Amino acid sequence: MSADLERLLAEGVPDGTFGGARTLRSSKAKPKPAGPDPRAAEHRAALEAAIRRPRQQAA
């Protein structure tokens, strides 16, 4: 095999480690819940209420 081709194929699986050990994911990390944030509806309602509120006139 030519040196150029060998250099190109040095990383068999393109994971950026070039054969080194992969770092393990922390078991302490809390997985993100699937789906929308449960507080999203409450937040949206507060934003919509703020938008609908009449503006105060500057004195």
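Structure's up top.
Residues numbered from 1 in each chain as written. Predicted model: local features only at pLDDT ≥ 70, side-chain atom pairs only at ≥ 80, totals over all residues. Heavy atoms only, no water.

(A) Spotlight on the overall build of the protein. Helices and strands together make up the secondary structure of the protein, namely two helices and zero strands. Counting every position in the protein, which comprises 59 residues, the buried fraction comes to 0%. Approximately 6,500 Å² of the protein is accessible, and the part contributed by carbon and sulfur atoms is 57%. (Helix = DSSP H or I, 4+ residues; strand = E, 2+ residues; numbered from the N terminus. Buried < 20%, exposed > 50% of the residue type's maximum accessible area, 1.4 Å probe, protein only. Areas by Shrake-Rupley, 256 points an atom, 1.4 Å probe, with all protein chains shown as cover.)

(B) Spotlight on the pattern of salt bridges. Summed over all chains, the structure comprises three salt bridges. Put simply, Arg 39 and Asp 37 hold a salt bridge, and the shortest N to O gap is 3.3 Å. According to the relative accessible area criterion, Arg 39 is exposed, its value standing at 58%. Here the salt bridges do not stand alone but share partners, grouping Arg 44, Glu 48 and Arg 52 into one network. (Salt bridge = Lys/Arg side-chain N within 4 Å of Asp/Glu carboxyl O.)

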